[in-house]
Amino acid sequence: MLEVLRRIVQEVNGARNLNTALSTMVRRIRKAMKTDVCSFYLFDTEQQRLILMETIGLHAQAVGQVFLRPGEGLVGLVAQREEPLNLEDAHGHPQFRYFAETGEERFASFLGVPIIHQRRMLGVLVVQQQDKRRFDEGDEAFLVTMAAQLSGVLAHALATGGLNRPSRDTAQELSQATFKGLAASPGMVIGEAVVIAPPADLDGVPDLIPTDIEYEIVRLKEAIYRVRDEIRAAGERLASRISAQELALFEVYQQMLGEAALTQEVEKRIREGQWAPGALADVVRRHVQYMERVDDNYLRERAADIRDLGRRVLAHLQEGSPQTPESFPERTVLIGDEISVASLGEVARDKLVGLVSIRGSSSSHVAILARAMGIPTVLGMVDLPLPRLNGAPVVLDGHRGRLFVRPDEELLSYYRGMIDEEAALAEMLEHEQDLPSRTPDNYDMPLMVNTGLAVDAVASLKSRISGVGLYRTEVPFMITERFPGEQEQMRLYRDQLESFAPLPVVMRTLDIGGDKDLPYFPIDEANPFLGWRGIRVTLDHPEVLMVQLRAMLRASQGVGNLQILLPMITNVDEVDDAQRLIARAQAELAEEGVKVEKPRVGVMIEVPATLYQLEALAQRVDFFSVGSNDLTQYLLAVDRNNPRVAGLYDACHPAVLSALVRLAREAAALNVPTSVCGELAGDPAGALLLMGMGFNALSMNAPSLPRVRAAIRRVPLTSAQTLVDETLGLASPREVRMHLEKRMGEWQLAHLMPPRD
Ligand code: PEP
Ligand code: MG
């Protein structure tokens, strides 16, 4: 039975469009269950009714003609109750309703099950039989399992095929459509969709035998040469706007193209009797397949790079002429199956206003770059119907992770208003950014920034902050091809320390694992967030940690503002081990004649166990830094990257807030300075709560500073303290959010809250 289930799901999944998917589904289920009829009724949420969308066994002309409200007839009853209904004699049921169009009076037995995806009713699947037949438990279980398995596939098919449902006319076909993805870089824009189709289709290349092998090799090399040239030019166009580290990504592309291995492999195939496009497609496909099979985020991103490069070379082999940077529309929202770093550089920067892609997550290269460049971006938008988007007007909302295609006037004017408001707000807040973050009752709340990339942009904020609260060292490690050496790291760190001196810079030791992989150090685990992460990895690899510690200490020579932060601490032993290594690094440098002071050392409070070990930790370190992102995910047992449970992830959960209150109180009693560097600190209402709790500093992404400063300058410390007391009495995250919104409204600060649903 399992095998049948698997095959049906696979077939439905592989269907080209929604109609084929539905027709495959009902045909295969009827056959598997040996019944007379199998039908699917789609639930139309707009109209709040079920519509017969596909059937095998009822009259075909009834499709699109039978409508039922939830609760109406047997099918409506299944939808209303959201549970299966199994009847031996359907006609005898008081709810039975006869639809002449279907000819269903011939069918006595009825089994209907709802198809539900993420709590949303998609429709009802029904099987019917002419003779009185009691569908047995096995039948019911089969259909329920089938419905559960098909729900995801169907939700996807409905979303992607949703623009041309058979019952809709052309006018409706062109109406507004909304798509949801992962918010990867904030901001809202109105623009025109430009779908970057893969320049050439590697899967569509036929196998041909070349007539002149040498000519094929020459044109292959020529094509590769031209792609290298294009990428170099794209890199140059971006050079003044992105940092050297980010620019290094273009180098990686160049290296891949220059890699003898790839060219040689293609050449070898040509010599074996394939023409250049076919040989190229074979080699690229093989590499991509291999890399995509590996369970490693970074390698999968690399597979995308290789595929992109392959398509570019193929485009030249096929004499395609790529668009020039100037030929894009004025307000281009670039949309693609996957958007590579190189395609970013293809559009003139002043024309590029937004990015959307079907693949990718917030740790993709392109997300890192988009944030550094301030381009609103939504990734992982799996339901996008790419072929129908080109040239369409769109609204992109990088706060909520939404794309609106062909927005109607109402939505457009709503977003025009929001965008104007955001710009006006930014301008208004700018005026007070050089003022202290001081409350009306004269309490100074130190604000710091989180850094990782594009140090130059943030260094200009020096006069407005109290230092760097978190420098995520893994970010530069993520965009290199190997562990950077001691000198290389030293230069990076020295840059940071000098840029912000004399303000403190808190450098966190390498925090890899979880969702942060290094290309050259893959970690493959069933539960990566509960596994080999942060300090657990680096203590197991003292050779890696020692190089980093020595580089940090060496960089701090004569600057004196370094503080070291240890991530993912669970046990005090880990702190003792790390402290020993720090002391050793200091001693080794001293032997080399490099005299540095011992830096202040702190631990991240992000594993719940540390909440109960504050005293023991306080004896070993100088400060605490609360990683509210991880603390939330571990306290609530919610993976911070899993979209299925994203609705459960909330740093304003009362349990998280009460843990934070206790933590702030105990740390103060122990006299340990404690800051917060998770996203909660960058949320204006969250920042007020944290201030009210008594944390000593708040560290956030630079773009969050203006709103947080504005909130602090308008709310007295005493009111923030009252706010904490009020929220502690609330039972659910929803109540907390509602209360925060209410108070922010009363303080005339509603405009500071980032837009959310
Ligand atoms: C955190 O966990 O809150 C944090 C600041 O670190 P990261 O987001 O890098 O895990
Ligand atoms: Mg963390």
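Scope of this entry: the structure provided in the associated data block. What you see is a predicted model, and the numbers here were worked out from it, not measured in a lab.

## Things to note about the overall build of the chain
Reasoning step 1: Counting its regular elements, the chain contains 27 helices and 22 strands.
Reasoning step 2: Counting across all 757 residues of the chain, residues that qualify as buried make up 55%.
Reasoning step 3: Of the contacts made within the chain by residues no fewer than 6 positions apart, 66% connect residues no fewer than 24 positions apart.
Reasoning step 4: As displayed, the chain offers around 32,700 Å² of accessible surface, 50% of which is attributable to carbon and sulfur atoms.

## A short note on the packing of aromatic side chains
Reasoning step 1: Summed over the entire model, instances satisfying the criterion amount to seven aromatic pairs.
Reasoning step 2: Taking 5.2 Å as the distance between ring centres and 85 degrees as the angle between the ring planes, the aromatic pair formed by Tyr414 and Tyr415 counts as edge-to-face.
Reasoning step 3: On the accessibility criterion, Tyr414 (42% relative accessible area) is partly exposed.
Reasoning step 4: Assessed through its relative accessible area of 2%, Tyr415 is described here as buried.
Reasoning step 5: Ring pairs connect the aromatic residues Phe477, Phe483, Tyr520, Phe521 and Trp532, which therefore count as one cluster.
Reasoning step 6: Between Arg49 and the ring centre of Phe67, over which it is positioned, the NZ or CZ distance is 3.9 Å.

## With respect to the coordination of the magnesium ion (ligand 2)
Reasoning step 1: In the first shell of the magnesium ion (ligand 2), the protein supplies Glu606 (OE) and Asp630 (OD), at 2.0 to 2.3 Å from the metal. Remark: Asp630 occurs in helix H22 (residues 628–636) and Glu606 occurs in the loop between strand E19 (600–605) and helix H20 (608–611); sequence separation between them is 24 residues.
Reasoning step 2: Looking at Glu606, the relative accessible area reads 1%, which means it is buried.
Reasoning step 3: Look at Asp630 and you get buried, because its relative accessible area is 3%.

## Quick word on the sheet that holds strand E21 (residues 674–676)
Reasoning step 1: The sheet built from eight strands closes into a barrel, its strands ordered E15-E16-E17-E18-E19-E20-E21-E22 with parallel pairing. Averaged over all adjacent pairs, the angle separating strand axes in this sheet is 25 degrees, with direction ignored.
Reasoning step 2: Bridge analysis of E19 against strand E20 (residues 623–626) gives four bridges, and the strand direction is parallel. Each residue of the ladder has a partner; that of Gly602, found in E20, is Phe623.

## A look at the sheet that holds strand E9 (residues 188–195)
Reasoning step 1: One open sheet holds the eight strands; their spatial order is E7-E14-E13-E9-E10-E11-E12-E8, and the pairing between them is mixed. Each edge of the sheet is formed by a strand with only one pairing partner; in this case those strands are strand E7 (177–180) and strand E8 (182–185). Across this sheet, the average inter-strand angle for adjacent strands is 30 degrees, counted without regard to direction.
Reasoning step 2: Across four bridges, E7 lies against strand E14 (residues 402–405) in antiparallel orientation. Each residue of the ladder has a partner; that of Phe179, found in E14, is Leu403.

## A look at the site of ligand 1
Reasoning step 1: What surrounds ligand 1 is a group of 13 residues, the closest being Arg472, Arg508, Gly627, Asn629 and Arg640.
Reasoning step 2: At a separation of 2.9 Å, an oxygen atom of ligand 1 approaches a polar side-chain atom of Arg472.
Reasoning step 3: Listed by contribution, the elements that provide at least two residues to the shell around ligand 1 are strand E16 (468–472) and H22.
Reasoning step 4: In terms of residues, the shell around ligand 1 owes the most to one element, H22, which gives three residues.
Reasoning step 5: Per-class residue counts for the shell around ligand 1 are two nonpolar, four polar and seven charged.

## Quick look at helix H24 (residues 684–693)
Residues lying three or four places apart along an α-helix face the same way, a consequence of the helix completing one turn every 3.6 residues.
Reasoning step 1: Taken across its 10 residues, H24 has 10 buried, putting it largely inside the fold.
Reasoning step 2: Within H24, burial applies to Pro684, Ala685, Gly686, Ala687, Leu688, Leu689, Leu690, Met691, Gly692 and Met693.
Reasoning step 3: In this structure, the buried residues of H24 make contact with helix H23 (654–669), E21, strand E22 (697–700), helix H25 (705–714), helix H26 (717–728) and helix H27 (733–746).
Reasoning step 4: Two to three positions downstream of the cap, the backbone nitrogen of Ala685 sits 3.1 Å from a side-chain oxygen, assigning the N-cap of H24 to Asp683.
Reasoning step 5: Of the residues trailing H24, Gly694 is marked for its positive phi of about 105 degrees.

## Digging into the side chain of Arg219
Reasoning step 1: Mapped onto the secondary structure, Arg219 falls in helix H6 (residues 213–239).
Reasoning step 2: Setting aside its immediate chain neighbours within four residues, Arg219 contacts Trp275, Ala276, Pro277 and Leu317.

Procedures and definitions
- Residues numbered from 1 in each chain as written.
- Chains lettered and ligands numbered in written order.
- Predicted model: local features only at pLDDT ≥ 70, side-chain atom pairs only at ≥ 80, totals over all residues.
- Heavy atoms only, no water.
- Helix = DSSP H or I, 4+ residues; strand = E, 2+ residues; numbered from the N terminus.
- Buried < 20%, exposed > 50% of the residue type's maximum accessible area, 1.4 Å probe, protein only.
- Contact = heavy atoms within 4.5 Å.
- Areas by Shrake-Rupley, 256 points an atom, 1.4 Å probe, with all protein chains shown as cover.
- Phe/Tyr/Trp six-rings, centres within 6.5 Å; stacked < 30°, edge-to-face > 60°.
- Lys NZ or Arg CZ within 6 Å of the ring centre and 35° of its normal.
- Donors = N, O, S within 2.8 Å, 3.2 Å for Na, K, Ca; no water.
- Pairing = 2+ DSSP bridges.
- Axes fitted to C-alpha atoms, helices over the stretch in contact; angles between N-to-C directions.
- Near = heavy atom within 4 Å.
- Polar contact = N/O pair within 3.5 Å; in protein donor to acceptor, adjacent residues only side chain to side chain.
- Nonpolar A, V, L, I, M, F, W, Y, C, P; charged D, E, K, R; others polar.

On their own, these measurements won't tell you what the molecule is for.
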